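Observations on the model geometry
Take a look at the letters that make up each chain.
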Amino acid sequence: MSDTPPVVYAGPKRILSGVQTSGQLHLGNYLGAIVKFVRLQEEAECFYFLADMHAITVWQDPDKLADQMREVAAAFIASGVDPAKAAIFPQSAVPEHAELAWIFNCVARLGWLDRMTQFKEKSGQHKERSSVGLYTYPVLQAADILVYKATHVPVGEDQKQHLELTRDIAQKFNNDFGAQGFFPITEPVIEGPGARIMSLRDGAAKMSKSDPSDNSRINLLDDADAMATKIRKAKTDPEPLPETLDELKARPEADNLVGIYAALSGVTKAQALTEFAGKGFGAFKPALADLTVAKLGPIGAEMRRLLADPAEIDRVLKIGVEKARAVAAPVVADTKRLVGFWSPKP
Ligand code: TRP
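Residues numbered from 1 in each chain as written. Predicted model: local features only at pLDDT ≥ 70, side-chain atom pairs only at ≥ 80, totals over all residues. Heavy atoms only, no water.

When you go through the protein chain residue by residue, the secondary structure sums to 14 helices and 5 strands. Relative to the globule expectation of 20 Å for 346 residues, the C-alpha radius of gyration of the protein chain, 22 Å, shows essentially globular dimensions. Principal axes of the C-alpha set define a box for the protein chain whose edges measure 75 × 50 × 45 Å. By residue count, 49% of the 346 residues in the protein chain fall in the buried class. Sequence-distant contacts in the protein chain: of pairs separated by 6 or more residues, those separated by 24 or more amount to 75%. Of the roughly 16,600 Å² that the protein chain leaves accessible, carbon and sulfur atoms contribute 56%. The averaged location of the 44 negative side-chain charges in the protein chain is 2 Å from the averaged location of its 41 positive side-chain charges. (Helix = DSSP H or I, 4+ residues; strand = E, 2+ residues; numbered from the N terminus. Rg over C-alpha atoms; globule rule 2.2 N^0.38 Å. Buried < 20%, exposed > 50% of the residue type's maximum accessible area, 1.4 Å probe, protein only. Contact = heavy atoms within 4.5 Å. Areas by Shrake-Rupley, 256 points an atom, 1.4 Å probe, with all protein chains shown as cover. Lys, Arg positive; Asp, Glu negative; His and termini not counted. Charge placed at Lys NZ, Arg CZ, Asp CG, Glu CD.)

This is the structure we're talking about:
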């Protein structure tokens with residue numbers, strides 16, 4: 001037994017997150033992820049990537065995949081992610097993600113992956129017909145994070161388990177290869193008003209691009225009329241808004257709408273309630289619709305402008321790829337050395 005104390009990670013603070021490129025972005029992505037990305041870019045070096053390799057764990061139309069990816073990039077830029085401060089790039093353009101993922105496939109244990117609830121949800125009743133990629137998805141996610149030795153990862157609550165797996169993989173790799181402190185033990189950054197935005201049709205389901213009802217979500221590219229209509233039609237109850245958060249909690253749909261109002265206006269739910277307590281949805285919904293259109297309208301307009309000139313987006317992405325590879329390539333080289341892979345004698 002050695003007496004040397006475990007070495008803790010001593011590298012720089014680095015922030016990383018990814019968004020899948022499997023369809024239209026919505027209010028849940030905006031409040032749950034992109035707003036945080038913009039705030040965090042002031043704090044440290046940031047890597048925000050378009051997770052197209054994760055997207056293809058379920059079928060994606062090859063004729064649309066690259067444009068879907070540009071759409072997410074446009075949403076980041078239009079929302080204020082600054083390419084001068086944060087690297088924005090497609091995952092598939094940085095081969096180091098896949099290279100590290102393979103090594104991590106040999107570190108992670110089947111038992112760990114068998115516990116992943118997102119796989120269970122996504123594979124449903126036809127587990128044997130799911131892609132192997134869907135099963136090993138969280139291992140690729142660990143590689144996405146650790147290939148930059150990212151210390152902080154802003155994600156939604158549903159990603160907590162994947163972040164725990166990332167920490168387990170880092171710890172086991174460091175132990176197995178006698179490399180304490182090589183990979184950081186990454187912290188999730190989950191808090192924030194937009195951590196959990198629910199469907200407009202069902203206060204118990206997350207707002208999601210895979211919900212068959214388009215009325216369940218506000219898409220960033222919806223026009224003002226569509227946004228207002230969806231909010232008007234949003235499921236609610238007949239009661240006026242309550243005075244306290246406790247009373248609100250028992251009413252998931254009302255709670256969600258107040259949460260959206262609060263997050264978009266940058267106040268707490270309690271503050272939003274002081275404004276609307278005692279008022280019915282006939283008064284609250286139009287205020288929420290106006291606010292949503294005022295906040296998201298300009299972002300949608302800027303996205304459309306960017307998407308009309310894909311070459312401009314591609315210029316940003318190319319710079320992002322270079323920044324990403326400059327960090328990822330040496331990490332993969334060091335990892336391969338630790339694993340014992342061949343490198344030519346000098
Ligand atoms: N799984 C994440 C999601 O669905 C997306 C993602 C892929 C990600 N790789 C990541 C998020 C790495 C954070 C870090 O939201």
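From this point, the narrative continues.
What follows is about the pattern of salt bridges. The final tally for this structure, using the stated rule, is 20 salt bridges. Put simply, Glu42 and Lys85 hold a salt bridge, and the shortest N to O gap is 3.1 Å. Taken as a pair, Glu42 in the loop between α1 (27-40) and β2 (45-51) and Lys85 in the loop between α3 (65-79) and β3 (86-90) lie far apart in primary sequence, 43 residues in all. Note on Lys85: relative accessible area 38%, which makes it partly exposed. Sharing partners across several salt bridges, the network here consists of Asp214, Arg217, Asp222 and Lys230. (Salt bridge = Lys/Arg side-chain N within 4 Å of Asp/Glu carboxyl O.)

So, on to the domain arrangement of the protein chain. Structurally, the protein chain comprises domain 1 (14-196 + 310-339) and domain 2 (214-305). Computed over C-alpha atoms only, the centres of domain 1 and domain 2 are separated by 30 Å. Counting from both sides, the interface comprises 15 residues of domain 1 and, opposite them, 14 residues of domain 2. At the boundary of domain 1 with domain 2, total buried surface from both sides reaches about 1,300 Å², with 73% on carbon and sulfur atoms. (Domains from an automatic or database assignment. Buried area = accessible area lost by both parts, 1.4 Å probe.)

By size, the foremost hydrophobic cluster in this structure holds 58 residues, and its most contacted members are Tyr48, Phe76, Ile88, Leu241 and Phe284. When residues of this core are assigned to their parent elements, the largest contribution, 9 residues, is made by helix α13 (residues 281-307). Shared between two domains, this core takes at least three residues from each, and those domains are domain 1 (14-196 + 310-339) and domain 2 (214-305). Filtering out sequence-adjacent residues up to four positions away, Leu241 remains in contact with Leu248, Arg251, Ala254, Val258, Leu273, Phe276, Ala277, Gly278, Lys279, Phe281 and Phe284. Within the second largest apolar cluster, 45 residues are counted, among which are Ala108, Val139, Leu146 and Ala150. (Core = buried A, V, L, I, M, F, W, Y, C linked by side-chain atoms within 4.5 Å.)

A few words on the site of the ligand. By nearness alone, 13 residues border the ligand, and His54, Tyr137, Gln141, Asp144 and Gln159 come closest of all. The separation between a nitrogen atom of the ligand and a polar side-chain atom of Tyr137 is 2.7 Å. Within the side chain of Gln141, an N or O atom sits 3.0 Å from a nitrogen atom of the ligand. Compared with its free state, where it exposes 360 Å², the ligand has 89% of that area covered by protein. Every element with two or more residues in the shell around the ligand is listed here: β1 (14-20) and α7 (132-146). Of the residues assigned to the shell around the ligand, the class counts are 6 nonpolar, 6 polar and 1 charged. (Near = heavy atom within 4 Å. Polar contact = N/O pair within 3.5 Å; in protein donor to acceptor, adjacent residues only side chain to side chain. Nonpolar A, V, L, I, M, F, W, Y, C, P; charged D, E, K, R; others polar.)

For the rest of this paragraph, the subject is the environment of Gly259. Relative to the elements of secondary structure, Gly259 occurs in helix α11 (residues 252-265). Residues Gly259 and Gly178, 81 residues apart in the sequence, show an inter-C-alpha distance of 47 Å.

Below, the discussion takes up the side chain of Lys36. For Lys36, the location among the structural elements is in helix α1. Among the residues examined, Lys36 registers a relative accessible area of 3% and is labelled buried. Beyond its immediate chain neighbours, meaning those up to four positions away, Lys36 contacts Pro154, Val155, Val189, Ile190 and Glu191.

At 3.6 residues per turn, the α-helix brings residues three or four places apart onto the same side. End to end, helix α8 (residues 160-176) covers 24 Å across 17 residues, agreeing with the expected 24 Å (1.5 Å per residue, within 8%). All of the buried residues along α8 are His162, Leu163, Leu165, Thr166, Ile169, Ala170, Phe173 and Asn174. The buried side chains of α8 occupy one side of the element, clustering within an arc of 165 degrees when seen end-on. (Expected span 1.5 Å × (residues − 1). Arc of directions from axis to C-beta.)

Our next topic: the environment of Val19. Secondary-structure assignment places Val19 in strand β1. Separated by 137 residues in sequence, Val19 and Gly156 have C-alpha atoms that sit 11 Å apart. Beyond its immediate chain neighbours, meaning those up to four positions away, Val19 contacts Leu25, Phe37, Phe49, Leu50, Ala51, Val72 and Phe76.

All right, on to the packing of aromatic side chains then. The description of an aromatic ring pair rests on the distance of the ring centres and on the angle between the ring planes. Scanning all chains against the criterion turns up 16 aromatic pairs. Taking 4.3 Å as the distance between ring centres and 10 degrees as the angle between the ring planes, the aromatic pair formed by Phe37 and Tyr48 counts as stacked. Residue Phe37 is found in helix α1, and its partner Tyr48 is found in strand β2; the two are separated by 11 residues along the sequence. Relative accessible area serves as the criterion here: at 0%, Phe37 is assigned to the buried category. Aromatic side chains Tyr261 and Phe284 sit 5.6 Å apart centroid to centroid with 50 degrees between the ring planes, which places their arrangement in the tilted category. (Phe/Tyr/Trp six-rings, centres within 6.5 Å; stacked < 30°, edge-to-face > 60°.)

It is worth spelling out the side chain of Thr151 at this point. Assignment of secondary structure puts Thr151 in the loop between α7 and β4 (152-154). For Thr151, a relative accessible area of 10% corresponds to the buried category. If we ignore the near neighbours within four places in the chain, the residues touching Thr151 are Tyr9, Pro12, Lys13, Arg14, Pro184, Thr186 and Glu187.

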